[in-house]
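Reading the structure
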Amino acid sequence: MKTVTLISKDDCHLCEVAKEVLRKAQKKTSFNLSEKKITPGEADFEVYHERIPVILIEGEFAFQYKVSERQLLERLKS
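What comes next concerns the included structure. It should be emphasised that the depicted structure is a prediction, and the values quoted were computed from it without experimental measurement.

Attention now goes to the environment of Lys9. Within the fold, Lys9 resides in the loop between strand S1 (3–8) and helix H1 (13–26). With 14 residues separating them in the primary sequence, Lys9 and Arg23 have C-alpha atoms 18 Å apart. Not counting residues within four places of it along the chain, the set of residues in contact with Lys9 comprises Cys15, Ile38, His49 and Ile52.

This is how it looks when you write it as C-alpha cells:
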C-alpha cells in the first residue's frame, strides 16, 4: 500500500482543501495518509514553506499548491 504525505502548516486554507481531496480519494482507493506540519526552524520548513501544501507519494514530490482527486488517483495507479 502506498503512502501519501501532506506537508502543511497551521492556518493554511489550501492545506485544508488538499486534505479534503486526499480524504475523498482515500474512499476510492487504499493508501496510507500522513500529515507533516512544518514550523519555522525545521529543515523542511526552509524547503517547503512557500510551496505548501505539498503532497508526496512514497516520499517523492507529486503536487504543490493544489491537487485534484482525479490527478491523485491517476498518480497512485502508476
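Before going further, it helps to spend a moment on the side chain of Ser8. With respect to the helices and strands, Ser8 occurs in strand S1. Among the polar contacts made by the side chain of Ser8, one reaches the side chain of Glu35 at a distance of 2.6 Å. Every residue in contact with Ser8, bar those within four places of it in the chain, is listed here: Cys15, Glu35, Lys36, Lys37, Ile38 and Ile52.

On to the packing of H1 against helix H3 (residues 69–77). Direction vectors running N to C along H1 and H3 enclose 55°, while the axes themselves pass 9 Å from each other. The orientation of H1 relative to H3 falls into the category oblique. Viewed along their axes, H1 and H3 form a crossing whose handedness is right-handed. In contact with Val21, Leu22, Lys24 and Ala25 of H1, H3 contributes Glu69, Leu72 and Leu73. A breakdown of the residues in the contact of H1 with H3 according to their chemical character gives 5 nonpolar, no polar and 2 charged.

Applying the stated criterion across every chain yields a total of 8 salt bridges. Across the salt bridge formed by Glu20 and Arg23, the nearest N and O atoms sit 3.8 Å from each other. Pair noted here: Glu20 and Arg23 are both in helix H1, with a separation of 3 residues, about one helical turn. A relative accessible area of 43% places Glu20 in the partly exposed class. Here Arg70 ties to Glu74 by a salt bridge, and the two come within 3.0 Å at their closest N and O atoms. In this pair, Arg70 and Glu74 are both assigned in helix H3, 4 residues apart and thus about one turn of the helix distant. In this structure Arg70 comes out as exposed when scored by relative accessible area, which is 52%.

Rules of the game
- Residues numbered from 1 in each chain as written.
- Predicted model: local features only at pLDDT ≥ 70, side-chain atom pairs only at ≥ 80, totals over all residues.
- Heavy atoms only, no water.
- Helix = DSSP H or I, 4+ residues; strand = E, 2+ residues; numbered from the N terminus.
- Contact = heavy atoms within 4.5 Å.
- Polar contact = N/O pair within 3.5 Å; in protein donor to acceptor, adjacent residues only side chain to side chain.
- Axes fitted to C-alpha atoms, helices over the stretch in contact; angles between N-to-C directions.
- Parallel < 35°, antiparallel > 145°, perpendicular 65-115°, else oblique.
- Left-handed = near helix turned anticlockwise from the far one by under 90°.
- Nonpolar A, V, L, I, M, F, W, Y, C, P; charged D, E, K, R; others polar.
- Salt bridge = Lys/Arg side-chain N within 4 Å of Asp/Glu carboxyl O.
- Buried < 20%, exposed > 50% of the residue type's maximum accessible area, 1.4 Å probe, protein only.

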